[in-house]
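As a plain string of letters, each chain reads:
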Amino acid sequence: KYEDNGRKSRAPVFMLGECAVNCYSQWFSGLSCPEWGIPVDQQYQVAKEKLLKYNLVVVIEKLRDPKYVQAVEDIFGVPGITERGQPFCERPSHKANQKHPLIVHNNTREKLTRLNQVDIKFYHEMTSCLDSGRYNFPKWDPSRFELNSTDMW
């Protein structure tokens, strides 16, 4: 797509409804829609290279593990990350899911798994280091940083 709210655009516009397969690979790579003809293996490699440049990637699903939360808090020396709220669906979403639970048939699950096999591989490769439940993250050390003072002079 080369149109954004009726305005012509030089940059293609990502449309989730049209490109909702292997979203991790597409989004992290920035190469998006399959209609662009960029091989999924190339998207995977670019996504992996980009993600591995970050010093920290928080895996939201792991925030259910108190040891993981503690390790993330220790990195920054800031306790109570999950006390401020959970990064999961809001209450109205939970209520809607309880009222109308999603029923996914096996053939649908198999098709989704097949269609998203690159993303499944990407997710497992990027998160497998967390599988042991031992989070050997660095701890906050204020002596490693020059802290700004609130004093003006």
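The rules behind the values
- Residues numbered from 1 in each chain as written.
- Predicted model: local features only at pLDDT ≥ 70, side-chain atom pairs only at ≥ 80, totals over all residues.
- Heavy atoms only, no water.
- Helix = DSSP H or I, 4+ residues; strand = E, 2+ residues; numbered from the N terminus.
- Buried < 20%, exposed > 50% of the residue type's maximum accessible area, 1.4 Å probe, protein only.
- Contact = heavy atoms within 4.5 Å.
- Areas by Shrake-Rupley, 256 points an atom, 1.4 Å probe, with all protein chains shown as cover.
- Core = buried A, V, L, I, M, F, W, Y, C linked by side-chain atoms within 4.5 Å.
- Salt bridge = Lys/Arg side-chain N within 4 Å of Asp/Glu carboxyl O.
- Arc of directions from axis to C-beta.
- Phe/Tyr/Trp six-rings, centres within 6.5 Å; stacked < 30°, edge-to-face > 60°.
- Lys NZ or Arg CZ within 6 Å of the ring centre and 35° of its normal.
- Polar contact = N/O pair within 3.5 Å; in protein donor to acceptor, adjacent residues only side chain to side chain.

1. Structural notes on the overall build of the chain
Right, on to step 1. Counting its regular elements, the chain contains six helices and two strands.
Right, on to step 2. Counting from the amino terminus, the chain carries its helices and strands in the arrangement β-β-α-α-α-α-α-α.
Right, on to step 3. Within the chain, the fraction of its 153 residues that count as buried is 22%.
Right, on to step 4. Across the chain, contacts joining residues at least 24 apart in sequence account for 48% of those joining residues at least 6 apart.
Right, on to step 5. Accessible surface, the chain: about 12400 Å² in total, of which carbon and sulfur atoms supply 54%.

2. Comments concerning the nonpolar core
Right, on to step 1. Counting residues in hydrophobic clusters, the biggest one holds ten residues: V59, L63, Y68, V69, A71, V72, I75, L130, Y135 and F137.
Right, on to step 2. Contacts of Y68, omitting those with residues within four sequence positions, involve V57, V58, V59, K62, L63, L130, Y135 and F137.

3. Comments concerning the pattern of salt bridges
Opposite charge on two side chains permits them to pair, given that their charged atoms come into close proximity.
Right, on to step 1. In total, this model carries two salt bridges according to the counting rule given.
Right, on to step 2. Between E125 and K48 there is a salt bridge, with the nearest N and O atoms lying 2.5 Å from each other. Of the two residues, E125 sits in helix α6 (residues 117-127) while K48 sits in helix α2 (residues 40-51), which places them 77 residues apart along the sequence.
Right, on to step 3. On the basis of relative accessibility, which here comes to 32%, the residue E125 falls in the partly exposed class.

4. Concerning α6
Right, on to step 1. Regarding α6, the residues found buried are V118, D119, F122, M126 and T127. Viewed along the axis of α6, the buried residues span an arc of 145°, placing them on a single side of the element. Facing away from the buried side of α6 by more than 90 degrees, the exposed set consists of Q117 and K121.
Right, on to step 2. Next to the buried residues of α6 lie α1 (23-29) and α2.

5. Notes on the packing of aromatic side chains
Right, on to step 1. On inspection of all chains with the given rule, the structure shows seven aromatic pairs.
Right, on to step 2. With a centroid separation of 5.9 Å and an interplanar angle of 45°, the aromatic rings of F28 and F122 are classed as tilted. With a gap of 94 residues between them, F28 in helix α1 and F122 in helix α6 connect regions that are remote in the sequence.
Right, on to step 3. An angle of 80° between the planes, with centres 5.1 Å apart, marks the rings of Y68 and Y135 as edge-to-face. Here Y135 lies in the segment after α6 and Y68 lies in helix α3 (residues 66-76), a separation of 67 residues in the sequence.
Right, on to step 4. Each member of the aromatic cluster is reached from another via a ring pair, and the members are Y24, F28, Y44, F122 and Y123.
Right, on to step 5. Its end group placed over the ring of Y44, K121 keeps NZ or CZ at 4.7 Å from the ring centre.

6. Quick look at α3
Right, on to step 1. Buried within α3 are the following residues: Y68, V69, A71, V72, E73 and I75.
Right, on to step 2. A side-chain oxygen of the first residue of α3 lies 2.9 Å from the backbone nitrogen of K67; this N-cap is D65.
Right, on to step 3. The first or second residue beyond α3 is G77, which carries a positive phi of 70°.

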